[in-house]
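Commentary on secondary and tertiary structure
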Amino acid sequence: MNASQQIHQLKEELNKYRLMFQHAPLGMFHLNRQGVVTDCNDQLGVIVGAPREKVLGINALTLENDAYVSAVRQALAGNMASFEGEYTSVAGGKKRFLRVLFAPTGEPQKGSWEVVAIVEDITEKQQAARELKASEERFQIALENSGDGVWDWDLKSDDTDVTDNWLERLGYQRHEVDLSLNGFLTFVHADDREKIVEQFQCFSTGKAPQFSVLFRMRCRDGTFRWFSSIGKPVEWSETGEPMRAIGTHRDVTAQQEAIEALKISEHSKSVFLSNLPGMAYRCEYLQDMWQMTYISEGCFDLTGYPAHMLKGTNQSLKELILPRGIILPEYREKLWEKWLQMMREKKAFRSEYPIVTAEGETKWVWEQGRVILDDIGRVSALECFVTDITERREAEEKNRRLDKLKDEFLANTSHELRTPLNGIISIVESLLKGIGGPMTPDQRQNLMLVRLSARRLAALVNDILDFSRIRHHDLRLHLRPVDLHSSIRLVMDLFRHQAEHRGIQLVNQISPHSRMVLADENRLSQIFFNLIGNALRYTEKGSITVSGEQQDDMVKLTVADTGIGIPEERQDNLFEYYEQAGFSPEREYTGAGLGLPITRQLVELHGGTIQVRSAVGQGTTFTFTLPLARLQGSQERLEQAVDHAALTGQENMTDFYVEPLIGSETNLIQQGEFTVLVVDDEPVNRQSLMNILALRKMSVVAAESGHRALELLKGPEIPDLCIIDIMMPLMNGYELCQKIRERFTSFELPVIFLTARYGETELNQGFKVGGNDFLHKPFEESELLARVETLLHLKKSVEKAMAAEIAFLQAQIKPHFLYNALNTIAAYCEVESEKAGRLILSLSTYLRGSLAFDNLQQTITLEQELQLTKAYAEIEQARFPQVAVTYQIEESVCLRLPPLVIQPLVENAIRHGICPRREGGEVSVKVMAQESGYLVEVSDNGVGADIRVLHQAMNQSLCGKSVGLCNIQTRLNRLYGQGLQVSSQPEKGTCIRFLIPRQ
């Protein structure tokens, strides 16, 4: 081959190389010996994201990828090298995952080779590998944390593998469990083994497409848990039989226990419904039709029909729940409309209606039902309960008849009572006007009380008559234009004296020129009388205001007071007849009377409404509406049409008027040995009790409230007995008795309760708060006096016994004290006869004061107590010269105090405070006048004492047989309501004080 041929052959081979170089599916480039790219194909530009021109000239040794540069250096040194990893193109800035193979080529020069590199873009492969790895990791995490055990079962070899979490749930380690089929069955509950074997045979032969079974496994602790095992084949034999299966064990213990509990609940519900006095049924919409799916066994007892006869098929809902033979025709359509409305509004169904039983008997039933909705809010079922209320309906009908008879009786009796009541009032009025001659103030006062009681009874009779007329719709109104201002002024004038006597202001804010109302004048006055009277009764101070404002063709009137208010729970029943939410001793606003219910009825008869708004301690506001009068012409013509000089209701208002007592009320009767405190908010009751007790020569003090009674008990004169009415405003009798017992025992101040109720509850409550006896109203005078005198004589006997005990305690002279005193006097006789004589006089004074058995008085003078104290102190100072006793008595002090209250405190200070100190000390006795009384203080600078021990000694239940702290504390508390005040510090001394109130 000549040279030209060789050149031609080389050119053809070069063209082939260039063609392969340019069209290769991989990127290719050439590096010179300095590492510079001298040539590359177009595919490399696609891979690195840059045209061929930008790639040429790049020095591979200057790239920032260390692994890539290291592979280039190896190739330049004549070694095969490779790079695989993330590569960022310098020319295009494109990040890709590349696999690059570097191969040296040509002849080396100075140890450096040219390099040819082949580049493969493996970005997508790398991404796929990462996703596969992540998927496998997620799958593994899901298996480990899903709570389900995964099993892999080779059906031919019977080799099985399970995940650890399933074994952990059972409490086993892997080496403790045989995972073959036979080994597995040993852990399965005996009742479930047969179905597992049966399921395995079906699955292994290909008869069942999947393995699915519910069974119980025994745990390590001996308990059983429920599992649901589901698996499918993943490998098959040539004949189509499964060879390998994978599945899960899912713990369904909680679900199975819930199912069992539901079964028990359904059974209990069925038993419960079967034993209810009635029947329950359920009607469901299934397969495009309504079906009666459940009827309880009580169906037969209620209707006489067995349950299966009411479970009709191919019937409408109306026929199913309202069968023709049972529901009366006149009720059926109304009940169906009510059912339809209930289903539309999705509310509860409640109704009472009669049915006809299979025997033809008519019964009244009460039915309550509810709708069941499906997922999209449609009615899918009805659940109802029906019970027999025939006896209740009959009882209600009987009660209606009895109510009618009662109302007729009340009305007839009230009519009969009016005649003698009017006679009583007329006779008393004539006596008060002097028809029988002059009367003493007491006689006039008692007659006024008789008139007051008669008028109250007359008002009650009129209320009963109005109540009867309203109940029988027999009350007729005589409507005419009425001047509001004048009507309100008339009623306020009737209450004016009573209000001024109690310091309450009556305010009429209705203008004299306000529009008239269309009303029955007498009944309008009755409305205002009831509302203002109630307000006055329950207002202690402040004002009662009547105001109004026009609202279209109505006027809204308001009666507001500043009284005690009404509890929220009682406001709902305020206008109900005879409604009372349990017995309460406080006479507050309740529905137990007739005044407010009649007021409501009268307002409604006028076409208005009435409401109440109140808060305890903030007053009450009644608001009601009345129609405005309409006459042709102006308001002046309307006013002229009404004759204000002749109000027909003015003559009858005395029937409703309860006149207050005129003049100063007698609250104190002073006579006799015993004093009785009477506490009642009713002046008639107070006066009656005062008169009865005064006839037995007793002193009587009266109080109109519990607060006033407590003020009286703070005074110098303590009564011997209290008679307390239970039902009083603000503070009831029980509360007052509790306050009394905080200071006085049941022997020191007996309490008799007056009550109109005499049940076991009232008795228990009364004795619980410290009452001694009960008296039922109305009471006989003889019974009252017998109970009062019994308690007074018992109290007197107890006081004598207690006084004798105090005198005995006073006389208790400790033998060692007398012995020591005589020894001291004997010693002084030899060396200092004059001082011995003074000591003999002091001992004589001390013994005379201690042995005064005839002195049973509760108090003595301060001089007497100090004389005894000084005599004792002088004897003790003779024995213990290191003891000093000082006295600081203000000159203006002049008081009486219980005996033996200062001397025992001085003795206690000397013996327990000063004597234990070797250097001795000082006892100080001070009596100081203060605004509230006289302060007595005995202090020392001795060793001090534990304050807890002192309080224990003062307040022990039994005071012992000496006059100590307990005895003094008891007597001071009984007499003054307060005892000793003690303070002490170790090594600094003790101070004991008590206060004697001013008389």
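The structure under discussion appears in the preceding block.
Residues numbered from 1 in each chain as written. Predicted model: local features only at pLDDT ≥ 70, side-chain atom pairs only at ≥ 80, totals over all residues. Heavy atoms only, no water.

If you trace the backbone, S112 turns up in strand 5 (residues 112-121). With a relative accessible area of 15%, S112 lands in the buried category. Once residues lying within four places of it in the same chain are set aside, the contact partners of S112 are R33, L76 and E107. (Helix = DSSP H or I, 4+ residues; strand = E, 2+ residues; numbered from the N terminus. Buried < 20%, exposed > 50% of the residue type's maximum accessible area, 1.4 Å probe, protein only. Contact = heavy atoms within 4.5 Å.)

Before going further, it helps to spend a moment on the sheet that holds strand 3 (residues 81-88). Read from one edge to the other, the open sheet built from five strands follows the order 2-1-5-4-3, with strand pairing classed as antiparallel. Looking at the sheet topology across the chains shown, the edges are occupied by strand 2 (37-40) and strand 3. In this sheet, adjacent strand axes meet at a mean angle of 25° when their direction is disregarded. Relative to strand 5, strand 1 (residues 27-31) is paired through five bridges, and the arrangement is antiparallel. Bridging from a neighbouring strand, H30 pairs with V116 of strand 5. (Pairing = 2+ DSSP bridges. Axes fitted to C-alpha atoms, helices over the stretch in contact; angles between N-to-C directions.)

As a further point, take the pattern of salt bridges. Scanning the entire structure with this criterion turns up 37 salt bridges. Notably, a salt bridge pairs R917 with E919, separated by 2.8 Å at the nearest N-O pair. E919 gets classed as exposed once you look at its relative accessible area, which sits at 55%. Each of E84, R99, E120 and K125 takes part in salt bridges that share partners, so that together they form one network. (Salt bridge = Lys/Arg side-chain N within 4 Å of Asp/Glu carboxyl O.)

A separate point is the sheet that holds strand 17 (residues 504-508). Each strand in a sheet pairs with its neighbour through backbone hydrogen bonds, running either in the same direction (parallel) or in the opposite one (antiparallel). Sheet architecture is open: five strands sit in the order 17-19-20-22-21, paired in mixed fashion. A strand with exactly one partner marks an edge of an open sheet, and here the two such strands are strand 17 and strand 21 (610-615). The mean inter-strand angle of the sheet, taken between neighbouring strand axes irrespective of direction, is 15°. Taken together, the seven bridges between strand 20 (residues 554-561) and strand 22 (residues 619-627) define a ladder with antiparallel strand orientation. Considered in strand 22, the bridge of A560 is made with T621.

A word on a nonpolar patch on the surface. The grouping of L26, M80, L101 and I118 at the surface amounts to a nonpolar patch, some 340 Å² of accessible area in total. Take M80: it is sitting in the loop between helix 4 (66-76) and strand 3. (Patch = residues over 30% accessible without salt bridge, like charges linked within 9 Å, V, L, I, M, F, W, Y side chains within 5 Å. Areas by Shrake-Rupley, 256 points an atom, 1.4 Å probe, with all protein chains shown as cover.)

In regular strands, side chains alternate between the two faces of the sheet. Where strand 8 (residues 211-218) and strand 9 (residues 224-236) come together, eight bridges link them in antiparallel fashion. Note on strand 9: the bridge partner recorded for M217 is R225. Connecting strand 8 to the next strand, strand 9, in antiparallel fashion are five residues, including G222 with a positive phi near 95°. Across nine bridges, strand 9 lies against strand 10 (residues 242-251) in antiparallel orientation. Bridge pairing links S228 to R250 in strand 10. The antiparallel pairing of strand 9 with strand 10 creates a hairpin that spans five residues between the two strands, and G240 there sits at a positive phi of about 90°.

Side chains of nonpolar character tend, in soluble globular proteins, to be buried together. V517, F528 and F624 are the most contacted members of the largest nonpolar core, which totals 43 residues. In terms of residue count, the dominant contributor to this core is helix 16 (residues 521-537) (eight residues). Formed by 34 residues, the second largest nonpolar core is a distinct cluster that contains V883, I914, V938 and L972. (Core = buried A, V, L, I, M, F, W, Y, C linked by side-chain atoms within 4.5 Å.)

The next thing to look at is the environment of K541. By the element assignment, K541 lies in the loop between helix 16 and strand 19 (542-551). K541 sits in the exposed class, given a relative accessible area of 65%. It is 9.4 Å that separates the C-alpha atoms of K541 and D561, two residues lying 20 residues apart in sequence. In contact with K541, not counting residues within four places along its chain, are I504 and T562.

Let us look at the packing of aromatic side chains. Inspection of the entire model under this criterion finds 21 aromatic pairs. Relative to F211, the ring of W151 has its centre 6.1 Å away and its plane inclined at 85°; by these criteria the two rings are edge-to-face. Highlighted residues: W151 in strand 6 (residues 149-154) and F211 in strand 8, separated in sequence by 60 residues. With a centroid separation of 5.2 Å and an interplanar angle of 70°, the aromatic rings of Y172 and F187 are classed as edge-to-face. One end of the pair, Y172, is in the loop between helix 6 (164-170) and helix 7 (181-185); the other, F187, is in the loop between helix 7 and helix 8 (193-204), and 15 residues separate them in sequence. Across the pair, exposure class does not vary: Y172 and F187 are buried alike. Each member of the aromatic cluster is reached from another via a ring pair, and the members are F29, Y68, F83, Y87 and F102. It is K338 that lies over the ring of F349; its NZ or CZ is 5.7 Å from the centre. The aromatic ring of W364 is capped on one face by R393, whose charged end is 3.7 Å from the ring centroid. (Phe/Tyr/Trp six-rings, centres within 6.5 Å; stacked < 30°, edge-to-face > 60°. Lys NZ or Arg CZ within 6 Å of the ring centre and 35° of its normal.)

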